[in-house]
Amino acid sequence: MTYEEAAGIIRAPLRSTPRNRELVRFASLAANSHNMQPWTFTASADRIVIAPDFTRRCSVVDPDDHHLFVSLGCAAENLVLAASMLGLKANAIVESDEVVIDLEAAPASSSPLAEAIAVRQSTRTIYDGKPVSPETLRLLESACREPGVSTIMISDRAGILDVADYVVQANSAQMRDKAFIDELRRWLRFSEADAMAKMDGLFSRCSGNPALPAWIARPLLSFFLTQEAENKKYREQIASSAGVVVLASDAGDKAYWIAVGRACQRFGLQATALGLKYAFVNQSVEVPAIRSQFASLDLGGRRPDIIMRFGTGPALPNSLRRAPEQVMREMS
Ligand SMILES: Cc1cc2nc3c(=O)[nH]c(=O)nc-3n(C[C@H](O)[C@H](O)[C@H](O)COP(=O)(O)O)c2cc1C
């Protein structure tokens with residue numbers, strides 16, 4: 001099987017059977033930090049429980065599991081939307097570490113967001129630099145509406161470039177941090193074979209970089225993953241965007257982080273439905289010192305949770321996912 005075939009199989013159109021496997025397949029297409037897929041799904045006739053898989057946590061970049069729980073929220077949002085296409089009303093609540101999704105029969109309905117699930121991708125490349133219409137900004141902003149989550153939309157040039165400054169500062173700190181680089185390396189996949197052996201992680205072509213055999217790329221990494229080159233890339237990519245959106249939650253706990261995940265997944269789906277591309281530029285929320293400076297901008301003291309840029313640009317190869325069987329557990 002080629003890489004493109006593997007990426008296509010996981011994104012095949014939603015089928016009605018086997019129902020739970022299909023819902024899990026669509027849930028796992030969600031955005032998730034480092035493509036670590038930090039989840040398990042326990043399914044029965046009327047309930048699917050999404051639980052964290054802490055064996056996949058990234059303790060350096062995400063010491064409090066913030067990104068991990070945001071990722072669970074992203075998966076929950078996809079699952080709720082996919083359920084509606086299969087004639088199921090899904091009610092998601094957070095119980096302790098888990099998202100419990102109860103399913104009941106309802107008329108089947110689709111929506112532009114649900115239709116975008118298999119198309120959405122994080123597109124880490126240069127966009128065309130053109131602004132989007134006020135109506136588009138309004139649709140993007142309203143897609144993020146979620147109790148306990150605030151949305152800050154930045155579409156003026158000066159504001160976008162300010163965000164780039166913070167991202168570059170935080171990226172510089174990360175590039176100097178050996179533990180950060182070592183952890184990132186473990187999730188980098190350099191060749192198709194490398195990516196398909198694990199079906200997770202960050203494949204180089206999904207970030208606009210060439211694929212290389214891992215035995216060549218790994219020793220060379222320190223030559224091309226440099227602070228200077230990465231900062232230049234992020235500055236150009238952010239400057240080429242039509243805008244940046246920041247999501248900030250009212251409180252710093254798991255339930256709010258899951259809510260942020262639901263909002264951020266809807267943002268990505270709405271952007272996709274509008275024919276736009278988007279990508280996360282989360283460095284400034286990952287470095288605590290920069291995060292608190294960033295929070296003093298216009299967030300009323302709230303913790304910035306997620307930063308995403310958006311605009312018009314070309315598609316990149318899609319990322320892989322593990323098969324549903326690998327993340328599904330029996331209900332005991
Ligand atoms: C909480 C969270 C944080 C993320 N942070 C970043 C980031 O800082 N930089 C980046 O390029 N992508 C980031 N991503 C995007 C993931 O890397 C991406 O969703 C994953 O690799 C799967 O690819 P896909 O979104 O194209 O399906 C983040 C995603 C989530 C949910």
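Here the structure is a predicted model, which means the values were calculated and not measured.

(A) Molecular detail of the overall build of the protein chain. Across its full length, the protein chain carries 14 helices and 11 strands. A compact globule built from 332 residues would reach a C-alpha radius of gyration of about 20 Å, and the protein chain, at 19 Å, matches this within 12%. Overall size of the protein chain, expressed as C-alpha extent along the three principal axes, is 55 × 45 × 35 Å. Relative to its 332 residues, the protein chain shows a buried fraction of 57%. Of the contacts made within the protein chain by residues no fewer than 6 positions apart, 75% connect residues no fewer than 24 positions apart. In the form shown here, the protein chain has an accessible surface area of approximately 13800 Å², with 56% of it arising from carbon and sulfur atoms.

(B) Focus on the environment of T55. If you trace the backbone, T55 turns up in the loop between β2 (47-52) and α3 (66-85). With relative accessibility at 74%, the residue T55 sits in the exposed group. In this structure the C-alpha to C-alpha distance between T55 and V163, which are 108 residues apart in sequence, comes to 33 Å. At 2.5 Å, the side chain of T55 forms a polar contact with the side chain of D53.

(C) Molecular detail of helix α2 (residues 19-27). With respect to burial, α2 is a largely interior element, seven of its nine residues being buried. Within α2, the full set of buried residues consists of N20, E22, L23, V24, R25, F26 and A27.

(D) Summary view of unusual backbone geometry. Of the consecutive residues T17 and P18, the connecting peptide bond is found in the cis state with omega at -15°. Tracing the backbone shows P18 in the loop between α1 (3-9) and α2. The phi angle at H34 is positive, at roughly 60°, despite the residue not being glycine. Summarising the element assignment, H34 is placed in the loop between α2 and β1 (39-43). On the accessibility criterion, H34 (13% relative accessible area) is buried. If you check the backbone angles, N35 has positive phi at about 50° while not being a glycine. Residue placement: N35 occurs in the loop between α2 and β1.

(E) Quick look at the sheet that holds strand β4 (residues 98-105). If you trace the five strands from one edge of the open sheet to the other, you get β3-β4-β2-β1-β11, paired in mixed fashion. The outermost strands of the open sheet, each flanked by one partner alone, are β3 (88-95) and β11 (328-329). Direction of pairing for β1 relative to β2: antiparallel, over a ladder of five bridges. The residue bridging T40 from the neighbouring strand is A51, located in β2.

(F) Focus on a nonpolar patch on the surface. A contiguous nonpolar surface patch, about 380 Å² in accessible area, is contributed by L212, L220, F223 and F224. As for its position among the elements, L212 is in the loop between β7 (202-203) and α9 (214-224).

(G) Summary view of the domain arrangement of the protein chain. Here the domain parsing of the protein chain yields domain 1 (3-121) and domain 2 (134-311). Taking only C-alpha atoms, the centre of domain 1 and the centre of domain 2 are 20 Å apart. When the buried surface of domain 1 facing domain 2 is broken down by residue, Y3, H34 and H66 rank first, second and third, together holding 20% of it. At the boundary of domain 1 and domain 2, one finds six salt bridges. Between E77 and R262 there is a salt bridge whose closest N-O contact spans 2.8 Å. On the surface where domain 1 and domain 2 come into contact, there are 17 residue pairs in polar contact (both at pLDDT 80 or more). Of all the elements in the fold, those that place two or more residues in the side of domain 1 that touches domain 2 are α1, α3, β3 and α4 (112-115). Residue contributions to the side of domain 1 that touches domain 2 peak at 10 residues, all from α3.

(H) Quick peek at the pairing of strand β10 (residues 303-311). Along β10, eight of the nine residues are buried, which leaves the element largely enclosed by surrounding structure. Two elements, strand β8 (residues 243-249) and β10, share seven bridges in a ladder whose sense is antiparallel. Residue S249 lies in a different strand from β10, and its bridge partner there is R303. Relative to β10, strand β9 (residues 277-280) runs antiparallel, the two sharing four bridges. Bridge pairing links A279 to R309 in β10.

Analysis parameters
- Residues numbered from 1 in each chain as written.
- Predicted model: local features only at pLDDT ≥ 70, side-chain atom pairs only at ≥ 80, totals over all residues.
- Heavy atoms only, no water.
- Helix = DSSP H or I, 4+ residues; strand = E, 2+ residues; numbered from the N terminus.
- Rg over C-alpha atoms; globule rule 2.2 N^0.38 Å.
- Buried < 20%, exposed > 50% of the residue type's maximum accessible area, 1.4 Å probe, protein only.
- Contact = heavy atoms within 4.5 Å.
- Areas by Shrake-Rupley, 256 points an atom, 1.4 Å probe, with all protein chains shown as cover.
- Polar contact = N/O pair within 3.5 Å; in protein donor to acceptor, adjacent residues only side chain to side chain.
- Pairing = 2+ DSSP bridges.
- Patch = residues over 30% accessible without salt bridge, like charges linked within 9 Å, V, L, I, M, F, W, Y side chains within 5 Å.
- Salt bridge = Lys/Arg side-chain N within 4 Å of Asp/Glu carboxyl O.
- Domains from an automatic or database assignment.
- Buried area = accessible area lost by both parts, 1.4 Å probe.

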